[in-house]
Amino acid sequence: MAKKRKLFSMLLASTLVLSACSGSGGSKSSGNELKLMESADIPTMDPSLATDAVSFTQFNQVYEGLYVFDKDNKPVPGVAKGEPKKSKDGKTWTIELRDDAKWANGDPVTADDFVFSWRRTVNPETAAEYAYMFENIKNASQITERKLKPEELGVKAKDKHTLVIELEKDLPYMQSLLAFGSFLPENEKFVKEHGKKFGTTAKATLANGPFKLENWKNEDSWELVKNDKYHDKDKVKLDKVKYKVVKEAQTGLNMFETGDVDVVRSIPPESIDKYKDHEAYKTLAEPTVFFLRINQTKNKDLANKNLRLAISKAIDKDTFVKTNLNNGSKATDILTAKDFIKMENGKDYTDGVKSEVNFDVKEAQKYYEAAKKELGKDKFEIEFLTYDKDTSITDAEFIKGQIEKNLPGVKFKIKQLPFKQKLKVETDKDYDISYAGWGPDYPDPTTYISLFTTNNPHNQTGYSNPDYDQALKEADSDKMLKDPQKRYELLQKSESSLLEDGVIVPMYQRGLAQLIKKDIKNWTPLKLSGDYALKEVEVK
């Protein structure tokens with residue numbers, strides 16, 4: 001996403017590192033109240049428009065789809081009564097909905113809410129970046145290409161509580177897709193009432209999940225309060241969750257010490273030794289991968305493959321992880337996360353991905369010399385886009401130092417932007433190289449590698465390779481889906497070719513050093529569609 005993003009971006013992040021703090025000192029959370037922090041404001045609460053981990057994480061608290069992810073990252077019924085009833089060929093799904101699911105205003109959640117939402121997302125007029133996630137629903141691709149009308153999407157309400165979905169293929173991860181934030185329902189009357197403001201304020205956000213959004217102050221704070229209209233409200237233990245936007249890591253730790261926040265989702269590296277023996281200290285391995293995205297359209301020098309490969313091999317990732325992160329993150333030379341996808345033969349998918357973008361100064365300089373000869377110049381100026389957090393400048397300075405030291409003549413100019421603005425600049429391709437992250441949206445390698453097909457809105461690099469596009473299209477053909485092992489091998493080969501083209505510079509797979517107060521129970525981290533769920537969290 002960018003987030004998965006994920007997402008993590010996920011993506012991932014929302015692909016962005018989310019922070020929240022927990023304290024041993026100072027005041028304690030009162031009653032069933034939780035105090036958290038985020039390193040960025042919520043970009044949007046509109047399920048059709050969200051692309052980042054911050055938004056999708058809040059979706060987990062405020063909304064509920066047909067299915068939701070449990071603590072084991074498996075899709076389980078949410079608004080759906082149970083498992084989908086499938087036709088013999090697996091391409092028609094009938095899903096019965098709960099009759100007690102309601103919106104916070106008292107309206108029932110119906111099959112029509114899903115039909116309206118999905119049609120709105122694939123409608124080209126909405127300009128939803130995640131519209132491609134619907135491609136397995138009949139006619140979705142033709143609708144996004146303006147060849148058919150949104151009303152021709154393969155989804156219909158048989159009655160108020162029965163949804164029928166027509167699919168192009170029987171994808172093995174389709175049910176996980178239905179648990180993803182882009183597939184949430186939307187109340188048509190409410191959305192049309194608020195127009196373009198839908199999902200931009202607390203008043204323009206209508207919940208159907210465990211919590212309601214209140215007191216959302218732009219770039220400052222927001223609150224979640226228990227939703228008394230939620231069908232499973234008895235399992236919701238928290239009465240209120242208070243969020244504060246905190247961009248400075250040390251400020252977050254100070255708030256932990258004074259008891260002003262209860263969970264630290266990412267301890268800064270210089271403070272890990274101080275807290276590693278603390279009773280609240282925990283570590284978490286995530287499938288979020290951070291990388292440098294190289295735009296081939298704005299700075300024409302970066303259209304040169306040899307220059308991109310020189311940059312890819314000029315950064316000491318192991319040292320970066322040890323000195324700048326020190327939190328369990330692991331250096332990587334590939335895009336897909338390790339220990340996330342197991343193949344039919346029991347091996348990790350990533351074992352079969354070949355990469356030539358490892359750290360190697362001599363090889364980097366060979367590529368650099370070739371690039372200088374091809375471009376007829378020996379001086380290069382490159383703008384490096386990153387987040388506006390305090391730790392982001394430290395990370396950017398490390399990368400800048402590596403590039404300028406190992407590739408003499410290259411000058412990196414660091415540019416920091418707030419999260420929302422950074423996302424827009426990347427979408428507009430108005431950057432040279434950006435620091436990015438991606439968390440998975442569903443349990444399949446394509447959640448990572450499909451990002452860089454020609455027409456994927458998250459590509460954002462100008463990269464286009466017809467052979468790559470065709471290989472990923474073939475991977476989701478009926479023939480390949482019947483032979484999972486062969487399909488994985490095709491995807492491995494495709495990812496290897498992507499890395500060989502120097503489209504991105506994989507940096508690390510994220511690990512988090514965290515602080516979670518001992519009186520917080522049932523904290524539920526997620527690997528898909530947002531970073532955690534608060535439904536069953538309680539303070540004891």
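All residue numbers here refer to positions counted from 1 along the written sequence of the relevant chain. Note on the predicted model: pLDDT of at least 70 is required for a residue's local features to be given, and 80 or more for side-chain atom pairs to be given and counted; whole-chain, interface and lining totals, by contrast, use all residues. Side-chain measures were taken over the full set of non-hydrogen atoms in the model, leaving aside hydrogen atoms and water.

For the protein chain, the name recorded in an unreviewed UniProt entry is Oligopeptide ABC transporter OppA oligopeptide-binding protein, with Staphylococcus massiliensis S46 as its organism. UniProt positions are given in the numbering used here, feature names are shortened, and annotations may be inferred rather than shown by experiment. As its UniProt record puts it under Sequence similarities (unreviewed entry), the protein chain is described as follows: "Belongs to the bacterial solute-binding protein 5 family." Its UniProt record gives the protein chain the following Subcellular location (unreviewed entry) comment, quoted word for word: "Cell membrane".

S.K.: Would you mind going over the layout of surface pockets in detail, with residue names and values included?
M.R.: Cavities and pockets are found on a 1 Å grid laid over the protein atoms alone: a cavity is a set of points where a 1.4 Å probe fits but cannot escape, a pocket is an open set with protein on both sides within 12 Å along at least five of seven lines, and a lining residue has an atom within 4 Å of such a point. Grid points are joined across faces, edges and corners, and a volume is the space filled by probe spheres set on the points. By volume, the largest pocket is sized at about 1200 Å³. Along its surface, the largest pocket is lined by 34 residues, and Tyr132, Glu135, Ser141, Thr453 and Asn455 are the ones closest to its centre. Helix and strand assignments come from DSSP, with helices taken as H or I runs of at least 4 residues and strands as E runs of at least 2, each series counted from the N terminus. A per-element tally of the lining of the largest pocket places helix H14 (residues 466–475) first, with four residues. In the scheme used here, Gly and all other residues not listed as nonpolar or charged are polar, with Ala, Val, Leu, Ile, Met, Phe, Trp, Tyr, Cys and Pro taken as nonpolar and Asp, Glu, Lys and Arg as charged. A breakdown of the residues in the lining of the largest pocket according to their chemical character gives 13 nonpolar, 13 polar and eight charged.

S.K.: Describe the pattern of salt bridges, and please don't skip the residues or the numbers.
M.R.: Here, a salt bridge means any side-chain nitrogen of Lys or Arg that lies within 4 Å of a carboxyl oxygen of Asp or Glu. With the rule as written, the count across this model stands at 37 salt bridges. Note that glutamate 369 is salt-bridged to lysine 372, the shortest N-O span being 2.9 Å. Residue glutamate 369 and its partner lysine 372 are located together in helix H10 (residues 361–375), separated by three residues, close to a single helical turn. When accessible area is computed with a 1.4 Å probe and restricted to protein chains, residues below 20% of their type maximum are described as buried, those above 50% as exposed, and intermediate ones as partly exposed. You can call glutamate 369 partly exposed: its relative accessible area is 44%. Each of Arg265, Glu286, Arg510 and Asp531 takes part in one network of salt bridges that share partners.

S.K.: Provide a residue-level description of helix H1 (residues 53–62), including the pertinent values.
M.R.: Buried residues dominate H1, accounting for nine of its 10 residues. Ala53, Val54, Ser55, Phe56, Thr57, Gln58, Phe59, Gln61 and Val62 are the residues of H1 that are buried.

S.K.: Explain the packing of aromatic side chains to me, and be specific about the residues and the numbers.
M.R.: Any Phe, Tyr or Trp ring, taking Trp's six-membered ring, that has another such ring centre within 6.5 Å forms a pair; planes under 30 degrees apart are called stacked, those over 60 apart edge-to-face, and the others tilted. One pass over the structure, following the stated rule, counts 28 aromatic pairs. When the ring of tyrosine 130 is compared with that of tryptophan 438, the centres are 6.4 Å apart and the planes differ by 50 degrees; the resulting orientation is tilted. Linking tyrosine 130 in the loop between helix H2 (111–122) and helix H3 (140–144) with tryptophan 438 in strand E18 (residues 433–438), this pair joins segments that are 308 residues apart in sequence. With respect to burial, tyrosine 130 and tryptophan 438 carry one shared label: buried. By the ring-pair criterion, three or more aromatic residues cluster together here, those being Phe56, Phe59, Tyr63, Tyr130, Tyr132, Phe180 and Trp438. Here, over-ring charges are defined by two tests on the NZ atom of lysine or the CZ atom of arginine: distance to the ring centre within 6 Å, and angle to the ring normal within 35 degrees. Against the face of tyrosine 387 rests lysine 422, its NZ or CZ located 4.3 Å from the ring centre.

S.K.: Hey, could you go over empty space enclosed by the protein for me, with residue numbers and the actual values?
M.R.: Within this model, the second largest cavity holds a volume of roughly 60 Å³. Lining the second largest cavity are 12 residues, with Ser39, Ala40, Lys247, Pro418 and Phe419 sitting closest to its centre.

S.K.: So what's going on with the packing of helix H8 (residues 305–312) against H10? Which residues, and what values?
M.R.: Axis definition: a line fit to C-alpha positions, over the contact stretch in the case of helices; interaxial angles, taken between N-to-C directions, run 0 to 180 degrees. Put simply, H8 and H10 touch, their axes get as near as 8 Å, and they point 155 degrees apart. As judged from the angle between their axes, H8 and H10 are roughly antiparallel. H8 and H10 meet at a crossing whose hand is left-handed. When H8 is examined against H10, the residues Asn306, Leu307, Leu309 and Ala310 are found in contact with a partner set consisting of Ala364, Tyr367, Tyr368, Ala370, Ala371, Glu374 and Leu375. Split into classes, the residues belonging to the contact of H8 with H10 amount to nine nonpolar, one polar and one charged. Here the angle decides the label: under 35 degrees means roughly parallel, over 145 means roughly antiparallel, 65 to 115 means roughly perpendicular, and every other value means oblique. Handedness of a crossing is defined here by the sense of rotation of the near helix relative to the far one, left-handed for an anticlockwise turn of less than a right angle and right-handed for a clockwise turn. Throughout, a residue-residue contact means that at least one pair of heavy atoms, one from each residue, lies within 4.5 Å.

S.K.: So what's going on with the sheet that holds strand E8 (residues 155–159)? Which residues, and what values?
M.R.: Taken together, the four strands give an open sheet; going across it, the order is E6-E7-E9-E8, and neighbouring strands pair in antiparallel fashion. Each of the sheet's edge strands pairs with one partner strand only, and the pair in question is strand E6 (85–86) and E8. Sheet analysis places E8 next to strand E9 (residues 162–166), joined by four bridges and oriented antiparallel. Within E9, the position partnered with valine 155 by the bridge is isoleucine 165. On the sheet, H2 packs against E8 and E9 and is oriented at approximately 165 degrees with respect to E8. The pairing criterion is simple: DSSP has to find at least two bridges between the two strands.

S.K.: So what's going on with the UniProt feature "domain: Solute-binding protein family" (unreviewed entry) in the protein chain? Residues and values would help.
M.R.: The residues that UniProt annotates with the feature "domain: Solute-binding protein family" (unreviewed entry) are residues 74–457. The span residues 74–457 is 27% helix and 21% strand, and its two end C-alpha atoms sit 27 Å from each other.

S.K.: So what about unusual backbone geometry? Which residues, and what values?
M.R.: The phi angle at aspartate 339 is positive, at roughly 55 degrees, despite the residue not being glycine. Along the chain, aspartate 339 falls in the loop between strand E15 (330–331) and H10.

S.K.: Please give an account of the pairing of E18 that cites residues and values.
M.R.: In terms of burial, E18 is largely enclosed, as six of its six residues are buried. Here E18 shows a buried face lined by Ile433, Tyr435 and Gly437 and a second buried face lined by Ser434, Ala436 and Trp438. Where strand E14 (residues 281–294) and E18 come together, six bridges link them in antiparallel fashion. In the strand pairing of E18, phenylalanine 291 is matched with alanine 436. Alignment of strand E16 (residues 380–387) against E18, held across two bridges, turns out to be parallel.

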